[in-house]
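Coordinate analysis (summary)
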Amino acid sequence: MWVLSASGCRWLGAAGSLAVAVGGLAAGTLPVREPWGLWVARGSSTTVAAAVLAYLGLTLLVAAWWRYGRLLAEGVRDRVLVTLACWTAPLLLAPPLYSADVYSYIAQGAMVLEGHDVYGAGPSVLGPDDLGADAADSVGGHWTDTPAPYGPVFLVLAQAVVKLTGGEIVPAVFGMRLIALGALALIVWAVRGLGGGVGGLWLTALNPLLLIHVVGGMHNDGLMIGLMLSGVLLAVRGRWVLGSVLVGLAMMIKSPAAVALLFIGVMMARGHGVRGVAKGLVLPGAVAAAVAAGATVLAGTGFGWLRTQSVAGTIHTALSVTSDVGLALGLLVGDDPDPVKGAVQTLGLFAAAVIILALAWRTYRGLLDPVLGLGLALLALVALSPMVQPWYLLWGTAAVGAVAWRTRPGRLLAVLSAALTYETAPSGHTPAYGFVLAGVVLVLGLGWMRRKPWATAEGVRDRSVGGVRT
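Now for a quick tour of the structure. Source: prediction; values computed, not measured. (Residues numbered from 1 in each chain as written. Predicted model: local features only at pLDDT ≥ 70, side-chain atom pairs only at ≥ 80, totals over all residues. Heavy atoms only, no water.)

Let's shift gears to the overall build of the protein chain. Scanning the protein chain from terminus to terminus reveals 19 helices and 2 strands. Radius of gyration (C-alpha) of the protein chain: 22 Å, near the 23 Å computed for a compact globule of 470 residues. On the principal axes, the C-alpha backbone points of the protein chain span a range of 60 × 60 × 50 Å. Counting only contacts in the protein chain whose residues sit at least 6 apart along the sequence, the fraction spanning at least 24 positions is 74%. Carbon together with sulfur atoms contributes 66% to the accessible area of the protein chain, which is approximately 19,000 Å² in total. The averaged location of the 21 negative side-chain charges in the protein chain is 21 Å from the averaged location of its 29 positive side-chain charges. (Helix = DSSP H or I, 4+ residues; strand = E, 2+ residues; numbered from the N terminus. Rg over C-alpha atoms; globule rule 2.2 N^0.38 Å. Contact = heavy atoms within 4.5 Å. Areas by Shrake-Rupley, 256 points an atom, 1.4 Å probe, with all protein chains shown as cover. Lys, Arg positive; Asp, Glu negative; His and termini not counted. Charge placed at Lys NZ, Arg CZ, Asp CG, Glu CD.)

Looking now at the environment of valine 52. Along the chain, valine 52 falls in helix H2 (residues 44-73). Given the relative accessible area of 45%, valine 52 is considered partly exposed. For the pair valine 52 and alanine 27, spaced 25 residues apart in sequence, the C-alpha to C-alpha distance is 8.9 Å. (Buried < 20%, exposed > 50% of the residue type's maximum accessible area, 1.4 Å probe, protein only.)

Glancing now at empty space enclosed by the protein. Remark: the empty space left among the atoms is shown by a probe the size of a water molecule rolled over them. The full count for this structure, using the stated rule, is 3 cavities of 30 Å³ or more. The space that makes up the largest cavity amounts to roughly 60 Å³. Lining the largest cavity are Tyr105, Phe154, Met176, Ile179, Ala180, Ala183, Met218, His219, Asn220 and Leu223. For the lining of the largest cavity, the leading source of residues is helix H7 (residues 169-193), giving 4 residues. (1 Å grid on protein atoms, 1.4 Å probe; cavity = no way out; pocket = protein on both sides within 12 Å on 5 of 7 lines; lining within 4 Å. Points joined across faces, edges and corners; volume = space filled by probe spheres on them.)

Here we come to helix H11 (residues 240-251). For H11, which comprises 12 residues, the first-to-last C-alpha distance of 16 Å matches the rise-based estimate of 16 Å (1.5 Å per residue) to within 8%. Three or more residues of H11 are buried, namely Gly243, Ser244, Leu246, Val247, Gly248, Ala250 and Met251. Structurally, H11 contributes buried residues whose contacts are with helix H10 (221-236), helix H12 (259-269) and helix H13 (273-299). (Expected span 1.5 Å × (residues − 1).)

In this structure, tyrosine 98 takes a positive phi of about 70° despite not being glycine. Relative to the helices and strands, tyrosine 98 is located in the loop between helix H3 (80-88) and helix H4 (101-113). You will see that methionine 218, though not glycine, has its phi angle at about 60°, which is positive. Counting through the fold element by element, methionine 218 comes out in the loop between helix H9 (208-216) and H10. Methionine 218 sits in the buried class, given a relative accessible area of 2%.

Under the definition given, this model contains 13 aromatic pairs. Where tyrosine 392 meets tryptophan 395, the ring centres are 4.6 Å apart and the plane angle is 25°; that geometry is what we call stacked. Exposure class is identical for tyrosine 392 and tryptophan 395. Each is buried. Members of the aromatic cluster, connected to one another through ring pairs, are Trp65, Trp66, Trp202 and Trp405. (Phe/Tyr/Trp six-rings, centres within 6.5 Å; stacked < 30°, edge-to-face > 60°.)

The next subject is the packing of H12 against helix H15 (residues 338-364). The contact between H12 and H15 brings their axes to 9 Å, and the two run at 25°. Taken together, the axes of H12 and H15 are roughly parallel relative to one another. When you trace H12 past H15, the crossing you get is right-handed. Contacts between H12 and H15 involve Val259, Leu262, Phe263, Val266 and Ala269 on the former and, on the latter, Ile356, Leu357, Leu359, Ala360, Thr363 and Tyr364. Partitioned by chemical class, the residues of the contact of H12 with H15 number 10 nonpolar, 1 polar and no charged. (Axes fitted to C-alpha atoms, helices over the stretch in contact; angles between N-to-C directions. Parallel < 35°, antiparallel > 145°, perpendicular 65-115°, else oblique. Left-handed = near helix turned anticlockwise from the far one by under 90°. Nonpolar A, V, L, I, M, F, W, Y, C, P; charged D, E, K, R; others polar.)

How two helices sit against one another is set out by the angle between their axes and by the gap between those axes. At a closest axis distance of 7 Å, the pairing of helix H1 (residues 6-27) and H2 adopts a crossing angle of 155°. Here H1 is positioned roughly antiparallel relative to H2, judged by the angle of their axes. H2 is crossed by H1, and the crossing has left-handed handedness. A per-class count over the contact of H1 with H2 returns 18 nonpolar, 7 polar and 2 charged.

As a further point, take the pattern of salt bridges. One pass over the full model with this rule turns up 5 salt bridges. Across the salt bridge formed by aspartate 134 and arginine 33, the nearest N and O atoms sit 2.8 Å from each other. Of this pair, aspartate 134 sits in helix H5 (residues 133-138) while arginine 33 sits in the loop between H1 and H2, placing them 101 residues apart in sequence. When its relative accessible area of 16% is taken as the criterion, aspartate 134 is described as buried. On the accessibility criterion, arginine 33 (39% relative accessible area) is partly exposed. Among the ionic pairs, aspartate 117 bridges to arginine 307, the shortest N-O distance being 3.6 Å. Highlighted residues: aspartate 117 in the loop between H4 and H5 and arginine 307 in the loop between H13 and helix H14 (321-333), separated in sequence by 190 residues. Judged by its relative accessible area of 40%, aspartate 117 is partly exposed. (Salt bridge = Lys/Arg side-chain N within 4 Å of Asp/Glu carboxyl O.)

Listed below in structure tokens is the structure:
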């Protein structure tokens, strides 16, 4: 059947992406107030119908993506970047999808322009006559009064968008989407440079989880990943100073990118004895620290980002295992669960640090590919963090996909990605049925993975990547 061919998958996925975008016009994360009249709330029946359309479109996109991956694994040649363009294009003019975070970004950029301390207050400080007021009113839930947990580099970008658009909410959203597209381009460049090939691009750039949350939702995680992977690519090519600079910039978007410095250091240290170890442990971090300090001074936002890195952990998310376990234990032992919950969260971060160090040691001994080690380290950090969002899975998936998409971890990440696309509704809410749908897709995906593992392309030998059999 044509629809099962690579070309058929391309157009089936494009149709799914278009359905998501059209459904988002009524069921997306719409602003509270929008003077242009493009993204306004509709009647309840229209909103429900639009949400159903968006879910059907998402299902088409996921199905097309999965089939496309199998074809690529079997050696079918196709123009993957053309497919990426077809799947991305319908999302470009859509309203914000699956998250209200972009309104926070715009409001925080406006706060900088208005002279507010973004690390001391939330978007609620913006008055009705301030730049970004419409965005501030559209910020969701807890984030209204939450200081920015992002670095000054990202705030400078958000500030530039607000300044260029006058704070008008629709143009500002499109400005943030341009940044998201730039992030996508960086990811594509880095994955190709690291040898990911068409399969690596399939797991990373074409991943529906990335498309809906980075392009559709404009999460700054995409820019962090793009800069981080680009820095790692340069380090792999021997240009560790420039690579550390890019990782330092990525840290000034979101701090988890700092994990990459450890693996850049390991690459520098291998085969160079004690002196190499000393250089690897110190120099990449020193370069990144200098970049962070310089960026902070130039941005003029102050060093408040050092104290706001933990604010996200105060917000409970159901995907955080340590938060869920801590809350349950806390409720069992007393009326106030917070002390126990905090202790469990701290233990989780400690366990993540131990795992990351163990992966770095295996990498140093040559038992693990450095990029794969970085991907697994980021996945461990996400799994044990006090706050976990679906798109956080992309941190490690991008690195794993760049070097080991055909391995068992790569296949498992593909299944998890497909499942997590359903966890969040187009409106940005996390309804109970979203977890049910995600669970169903997870079970089906794991069953399919066991019955039909990726075939090896004819004429291409199996190989072992970082000690993991492909």
